[in-house]
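Here are the chains, one letter per residue:
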Amino acid sequence: MNSLSSSSTVFSSSTSSASSTSWFSGIVRGRQDRSSSFKMAGISSSGGGVAADYEGPIKGKNQFRGVLFKYGPKPIQVAFKTGDYKQQVIFIGGMADGFLATEYLEPLAIALDNEKWSLVQLLLSSSYTGYGTSSLQQDAMEIDQLISYLINKENSEGVVLLGHSTGCQDIVHYMCTNAACSRAVRAAILQAPVSDREYRATLPETAAMIDLASSMIKEGQGSELMPKEADPSSPITAYRYNSLCAYMGDDDMFSSDLNDDQLRLRLGHMANTPCQVIFSMDDEYVPEFVDKKALVERLCRAMGGAEKVEIEYGNHSLSNRVHEAVQAIIAFVKREGPKGWDDPWS
């Protein structure tokens, strides 16, 4: 994994809360953490303008300029923010992802910077090899902590959530929790919302491992680890394996064999938030038997008419269609992002 480069940085510790001008700060003031942050020289701290020597969010290939900060009490709860603006796009990666998870993040950071938006990449307890011992519930709690930090410490005026792969499940689950900070989410983008269950069903060991996970859960051993062959990439609990691989498990949100009522049960609450679904028509994690066009149409309908973007020949991470990915995301953020900021409780 490539490292982040923070050029021309000075280190400062800040424990003071954000000014009370944030429309949301009074609601969640008591939930703020007191993490230290790295402040980048050359960017206006007011968020309203950029200093003359600011050179943009990207220094070179795989080198981002910005602020690295802790947003929660766990060592893993670290995030990286480009730009110093009061509106942020939060990127939530998929399984085994961390910083710099997709190739479109570099040009996206530049495009967002041009529109006076910050890009925030976060690490969760489920990042990298942690996905097997975490859950959607844990991810949702940590996403809420990040948004709370942005509101209280960065005076955020609202965020757009951008999920990639399993990060799409995180967004869907978070938005159904009705957590206090979820009201700060102005819009959501699901890039590559695919079924982990349908993909894993193509692997020879899956059926037997589902039976084992189910037995362990019934015996009260849901938090115990499965055998290594269940997932050679990461230690995984019986609960998380069942969540990802079993029919109607907690992570089972985008499977093509779910009927319309089941999809509405899982996704219907997203109708309350402007949503965009970006689907790769050559996604290598979608089995050949799945009708991708029909599936994305059903997903968008279940979400109350989400915007549909089909990217022809695109792979799972859109590494071969970076320009199309950024173009779709920016157009949606510019159109839907600012809505409701004058009266966030309306």
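Just so you know, these numbers come straight off a predicted model, no measurement behind them.

Applying the stated criterion to the full structure yields 3 aromatic pairs. Taking 4.7 Å as the distance between ring centres and 10 degrees as the angle between the ring planes, the aromatic pair formed by Phe-69 and Tyr-149 counts as stacked. A residue pair is termed long-range when its members are at least 10 positions apart, and Phe-69 in strand S5 (residues 67-70) and Tyr-149 in helix H3 (residues 136-154) qualify at 80 residues. Here Phe-69 and Tyr-149 have matching classes, each one buried. Measuring from ring centre to ring centre gives 5.0 Å for Tyr-199 and Tyr-285, while their planes differ by 75 degrees; the resulting arrangement is edge-to-face. Of the two residues, Tyr-199 sits in helix H5 (residues 196-200) while Tyr-285 sits in the loop between strand S11 (275-280) and helix H9 (292-302), which places them 86 residues apart along the sequence.

Our next topic: helix H10 (residues 322-336). In this model H10 runs 21 Å from its N-terminal to its C-terminal C-alpha over 15 residues, within 8% of the 21 Å that 1.5 Å per residue would give. Residues of H10 that are buried include every one of Val-322, Ala-325, Val-326, Ala-328, Ile-329, Ile-330, Phe-332, Val-333 and Glu-336, and no others. Each element contacted by the buried residues of H10 is listed here: strand S7 (88-92), helix H2 (105-114), strand S9 (159-164), strand S10 (185-191), S11 and strand S12 (307-311).

The subject of this paragraph is empty space enclosed by the protein. According to the stated counting rule, one finds 2 cavities of 30 Å³ or more in the structure shown. Of the voids in this model, the largest cavity is the one considered here, and its volume is about 140 Å³. Forming the walls of the largest cavity are 17 residues, and the residues nearest its centre are Gly-93, Gly-94, Leu-124, Ser-126 and Ser-127. Breaking the lining of the largest cavity down by element, the ones donating at least two residues are S7 and helix H4 (166-176). In terms of residue count, the dominant contributor to the lining of the largest cavity is H4 (3 residues). Looking at the lining of the largest cavity, its residues break down into 6 nonpolar, 7 polar and 4 charged. Reported here for the second largest cavity is a volume of approximately 40 Å³. In terms of lining, the second largest cavity is formed by Pro-193, Val-194, Ser-195, Glu-198, Phe-279, Tyr-285, Val-286, Pro-287 and Leu-295. Counted by class, the lining of the second largest cavity contains 7 nonpolar, 1 polar and 1 charged residues.

The next point concerns the confidence of the model for the protein. Residues of the protein with pLDDT of at least 70 account for 83%, and the chain-wide mean is 87. Contacts for the low-pLDDT stretch residues 1-49, under 50 throughout, to residues beyond four places or in other chains number 125 contacts. Considering only residues more than four positions removed or in separate chains, one finds that residues 342-346, a stretch of pLDDT under 50, has 6 contacts.

Of all 6 residues in S11, 6 are buried, a share of seventy percent or more. Judged by which residues are buried, S11 turns out to be covered on both faces: Cys-275, Val-277 and Phe-279 on one side and Gln-276, Ile-278 and Ser-280 on the other are all buried. Relative to S11, S10 runs parallel, the two sharing 4 bridges. When the bridges of S11 are listed, Ala-188 appears paired with Cys-275. Bridging between S11 and S12 involves 5 bridges; their strand directions are parallel. Counterpart to Ser-280 in the pairing with S12 is Ile-311. You can see the chain leave S11, run along H9 and come back into S12, and the turn it takes is right-handed.

Applying the stated rule across the entire model yields 18 salt bridges. Of the charged contacts in the structure, one is a salt bridge between Arg-298 and Asp-260, with a shortest N-O distance of 2.9 Å. In this pair, Arg-298 sits in helix H9 while Asp-260 sits in helix H8 (residues 260-267), placing the two residues 38 residues apart along the sequence. When its relative accessible area of 34% is taken as the criterion, Asp-260 is described as partly exposed. A salt bridge links Lys-293 to Glu-312; its shortest N-O distance comes to 3.7 Å. Of this pair, Lys-293 sits in helix H9 while Glu-312 is found in the loop between S12 and H10, placing the two residues 19 residues apart along the sequence. Through salt bridges with shared partners, a single network forms among Lys-293, Glu-297, Lys-308, Glu-310 and Glu-312.

Turning next to the nonpolar core. Phe-69, Ile-90, Leu-146, Ile-147, Leu-161, Tyr-174 and Leu-267 are the most contacted members of the largest nonpolar core, which has 50 residues in total. With 8 residues, the top contributor of residues to this core is H3. Residues contacting Tyr-174, with those up to four places away along its chain left out, are Ala-140, Ile-143, Asp-144, Ile-147, Leu-161, Ala-179, Cys-181, Ser-182 and Val-185. Membership of the second largest hydrophobic core comes to 33 residues, among which are Tyr-104, Trp-117, Val-309 and Ala-325.

Take the packing of H2 against H10 next. H10 packs onto H2 with a crossing angle of 30 degrees between their chain directions and a minimal axis gap of 10 Å. Between H2 and H10, the crossing angle belongs to the class labelled roughly parallel. The handedness of the crossing between H2 and H10 comes out as right-handed. Here H2 contributes Pro-107, Leu-108, Ala-111 and Leu-112 to the contact with H10, which in turn contributes Val-322, Val-326, Ile-329, Ile-330 and Val-333. Of the residues in the contact of H2 with H10, the class split is 9 nonpolar, no polar and no charged.

Cut-offs and rules
- Residues numbered from 1 in each chain as written.
- Predicted model: local features only at pLDDT ≥ 70, side-chain atom pairs only at ≥ 80, totals over all residues.
- Heavy atoms only, no water.
- Phe/Tyr/Trp six-rings, centres within 6.5 Å; stacked < 30°, edge-to-face > 60°.
- Helix = DSSP H or I, 4+ residues; strand = E, 2+ residues; numbered from the N terminus.
- Buried < 20%, exposed > 50% of the residue type's maximum accessible area, 1.4 Å probe, protein only.
- Expected span 1.5 Å × (residues − 1).
- Contact = heavy atoms within 4.5 Å.
- 1 Å grid on protein atoms, 1.4 Å probe; cavity = no way out; pocket = protein on both sides within 12 Å on 5 of 7 lines; lining within 4 Å.
- Points joined across faces, edges and corners; volume = space filled by probe spheres on them.
- Nonpolar A, V, L, I, M, F, W, Y, C, P; charged D, E, K, R; others polar.
- pLDDT = per-residue confidence, 0-100.
- Pairing = 2+ DSSP bridges.
- Right-handed = clockwise from strand over helix to strand, strands pointing away.
- Salt bridge = Lys/Arg side-chain N within 4 Å of Asp/Glu carboxyl O.
- Core = buried A, V, L, I, M, F, W, Y, C linked by side-chain atoms within 4.5 Å.
- Axes fitted to C-alpha atoms, helices over the stretch in contact; angles between N-to-C directions.
- Parallel < 35°, antiparallel > 145°, perpendicular 65-115°, else oblique.
- Left-handed = near helix turned anticlockwise from the far one by under 90°.

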